[in-house]
Amino acid sequence: MSRSAHPAGPRHADVLPEGHYSAPPADLNSLDAKVWSQTVERDADGVVTVGGVSVQALAEEFGTPAYILDEDDFRARARAWRTAFGPDADVFYAGKAFLSRAVVRWLHEEGLNLDVCSGGELATALSAGMPADRIAFHGNNKSVDEIERAVRAGVGRIVLDSFQEIVRVAHIAQSLGKRQPVQIRITVGVEAHTHEFIATAHEDQKFGIPLAGGQAAEAVRRALQLDGLELIGIHSHIGSQIFDMSGFEVAAQRVVGLLKDVRDEHGVELPEIDLGGGLGIAYTSDDDPREPHEIAKALTEIVGRACEAARLRTPRISVEPGRAIVGPTAFTLYRVGTTKHLDGLRTYVSVDGGMSDNIRTALYDAEYSVALVSRTSDAGPMLARVVGKHCESGDIVVKDAFLPADLAPGDLLAVPATGAYCRSMASNYNHVLRPPVVAVRDGEARVVVRRETEEDLLRLDVG
């Protein structure tokens, strides 16, 4: 695309790379099922509904901004992962993506396990009734108190992330008269094709014990010698928002190679491997994620081939989808406050939320879709940037999207695929109140995480 042909005018090509834009969609009122949860549709009046409830009704009852969570969609995705991997594997929902007591109960009912990585996530899981033996505890710097709480509770596994943790967990478990099941997290030297801040398997980062240089093998030696630990397997996680399975194949082969070395040195065949999560979802129509059954088939075959070549019994596989379950199940509902048209550039559309409820655009350069949901429009497309209300130029929700040219203050916009990490990473920047999470199902809506109040802010400020 030449600079003069840029849809926002020639000046815009100096702002973003050439070819950044595709053509406007043929119908601005359409909703791509790839990026919206399964019960989202437009009613006869053109208003978007989810779970049988209109966005207008949701905005009136719960205010905006608000995270709207499609419970049926969440449950369906959880079941799809559980069914895809079957009874001979374990699916641990990665709670860091989004966790609440309602979500814990849904996971329990749908037969999934839960991965936590802090004392707060562990407390939420236990308070909502998740059996401790179905909880895995992650983290690169677990405190002594967190480890002790996890061991006392009887969590099914603690993932050891360093040589210090090997000794620390062993000492705590032994002092409590327990033998704690553990996995060792290793970094396998795989560069996942994702943003550098969410790539986690190369050596130069904080997670795990490197396979290179024999460090992982030494970690296994130490763990096998300690009475307080029961080493049940090896853990690997290569990153997040990944569409290419080739990285998992290399990682699995290297993990199985370590299992073979452990057998040859110690005469022990470790019974489990955890390949982590990180599978991508569709944030825009250009994204093409894999289905759970495709992922399960690919990972099972990869591990099976590697174990056959190494003459090992195939270990029990674990995976940790978080974003892949909750990400597509929610959208964020905003109300338009102001618009500002810049001739030859774009129109800025300011909404009543922003980087306090979705930091991912600023942090990861993430791309999102957006739609006018309170009505349909026959107006032509305008190139828009959806921005928030915070005192930052980088307060961007959707960098660039086509919206109807008659968009006006008071209209409702929705940004899909915000179920993962948006509420989890939300802040009170500018003392803005964090939005509620509203679950919708069968024509009914209920708050599962309430909106913060000014009283909440002031209660923490002890003066």
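All values reported here derive from a predicted model rather than from experimental measurement. (Residues numbered from 1 in each chain as written. Predicted model: local features only at pLDDT ≥ 70, side-chain atom pairs only at ≥ 80, totals over all residues. Heavy atoms only, no water.)

A.B. asks: Whenever I open this one, the overall build of the chain confuses me. Can you help?
C.D. replies: In terms of helices and strands, the chain carries 12 helices and 21 strands. Here the chain has a C-alpha radius of gyration of 24 Å; the compact-globule value for 463 residues is 23 Å, and the two agree. Taken along the three principal axes of its C-alpha coordinates, the chain extends 70 × 55 × 45 Å. Looking at the chain as a whole, 56% of its 463 residues are labelled buried. The long-range fraction of contacts in the chain, counting pairs at least 24 apart against all pairs at least 6 apart in sequence, stands at 70%. (Helix = DSSP H or I, 4+ residues; strand = E, 2+ residues; numbered from the N terminus. Rg over C-alpha atoms; globule rule 2.2 N^0.38 Å. Buried < 20%, exposed > 50% of the residue type's maximum accessible area, 1.4 Å probe, protein only. Contact = heavy atoms within 4.5 Å.)

A.B. asks: Help me understand helix 5 (residues 144-153) in this model?
C.D. replies: Because the α-helix completes a turn every 3.6 residues, residues three or four places apart line up on one side. For helix 5, every residue scored as buried is listed here: Glu146, Ile147, Ala150 and Val151. End-on, the buried residues of helix 5 take up no more than an arc of 130°, which puts them together on one face. Away from its buried face, by an angle of more than 90 degrees, helix 5 presents the exposed residues Asp145 and Arg152. Looking at the buried positions of helix 5, the neighbouring elements they touch are helix 4 (119-127), strand 7 (135-137), strand 8 (157-160), helix 6 (163-175) and strand 9 (180-187). (Arc of directions from axis to C-beta.)

A.B. asks: So what exactly am I meant to see when it comes to the environment of Asn113 here?
C.D. replies: Within the secondary structure, Asn113 is located in strand 6 (residues 113-116). Here Asn113 falls in the buried class, since its relative accessible area comes to 9%. Separated by 23 residues in the primary sequence, Asn113 and Ala136 have C-alpha atoms spaced 8.0 Å apart. Beyond its immediate sequence surroundings of up to four residues, Asn113 is in contact with Asp90, Val91, Phe92, Tyr93 and Arg134. Within the structure, Asn113 has its side chain in polar contact with the side chain of Arg134 (distance 3.2 Å). (Polar contact = N/O pair within 3.5 Å; in protein donor to acceptor, adjacent residues only side chain to side chain.)

A.B. asks: Any chance you could explain the pairing of strand 17 (residues 381-387) here in plain terms?
C.D. replies: On any regular strand, side chains alternate: one points to one face of the sheet, the next to the other face. Burial analysis of strand 17 places 6 of its 7 residues in the buried class, the great majority of the element. Taken together, the 4 bridges between strand 15 (residues 346-351) and strand 17 define a ladder with parallel strand orientation. Across the sheet, residue Ser350 finds its bridge partner in strand 17, namely Val387. Where strand 17 lies against strand 18 (residues 396-404), 6 bridges are found, and the strand directions are antiparallel. Bridge pairing in strand 18 places Val386 opposite Val398. (Pairing = 2+ DSSP bridges.)

A.B. asks: Can you help me understand the side chain of His390 in this one?
C.D. replies: Looking at the element boundaries, His390 is found in the loop between strand 17 and strand 18. Engagement of the side chain of His390 in a polar contact is seen with the side chain of Ser356, the distance being 2.8 Å. Here the side chain of His390 touches Asn430 through a polar contact of 3.1 Å, side chain to side chain. For His390, the contacting residues outside a window of four places in its chain are Gly353, Gly354, Met355, Ser356, Asp395, Tyr429, Asn430 and Val432.

A.B. asks: I tried to follow the sheet that holds strand 1 (residues 41-42) on my own but got confused; where do I start?
C.D. replies: Strands in a sheet are paired, the pairing made by backbone hydrogen bonds, and the direction either parallel or antiparallel. Across the sheet, which stays open at both edges, the 3 strands sit in the order 1-2-3 with antiparallel pairing between neighbours. The open sheet has two free edges, formed respectively by strand 1 and strand 3 (53-54), since each of these has just one partner strand. When strand 2 (residues 48-50) meets strand 3, the two strands line up antiparallel, connected through 2 bridges. Following the sheet pairing, Thr49 is matched in strand 3 by Ser54.

A.B. asks: Explanation requested: the pattern of salt bridges in the structure shown.
C.D. replies: Side chains bearing opposite charge may pair, as long as their charged atoms lie close to each other. As enumerated under the stated definition, the model contains 29 salt bridges in all. Here Arg79 and Glu110 are joined by a salt bridge, their closest N and O atoms 3.2 Å apart. Of the two residues, Arg79 is situated in helix 2 (residues 71-85) and Glu110 in helix 3 (residues 101-110); the sequence distance between them amounts to 31 residues. For the salt bridge of Glu165 with Lys142, the shortest nitrogen-to-oxygen distance reads 2.6 Å. With a gap of 23 residues between them, Glu165 in helix 6 and Lys142 in the loop between strand 7 and helix 5 connect regions that are remote in the sequence. The class for Glu165 is buried, based on a relative accessible area of 0%. The exposure class assigned to Lys142 is buried, which follows from its relative accessible area of 2%. Linked through salt bridges whose partners overlap, the residues forming this network are Glu71, Asp72, Arg75, Arg79, Glu109, Glu110, Arg441 and Arg446. (Salt bridge = Lys/Arg side-chain N within 4 Å of Asp/Glu carboxyl O.)

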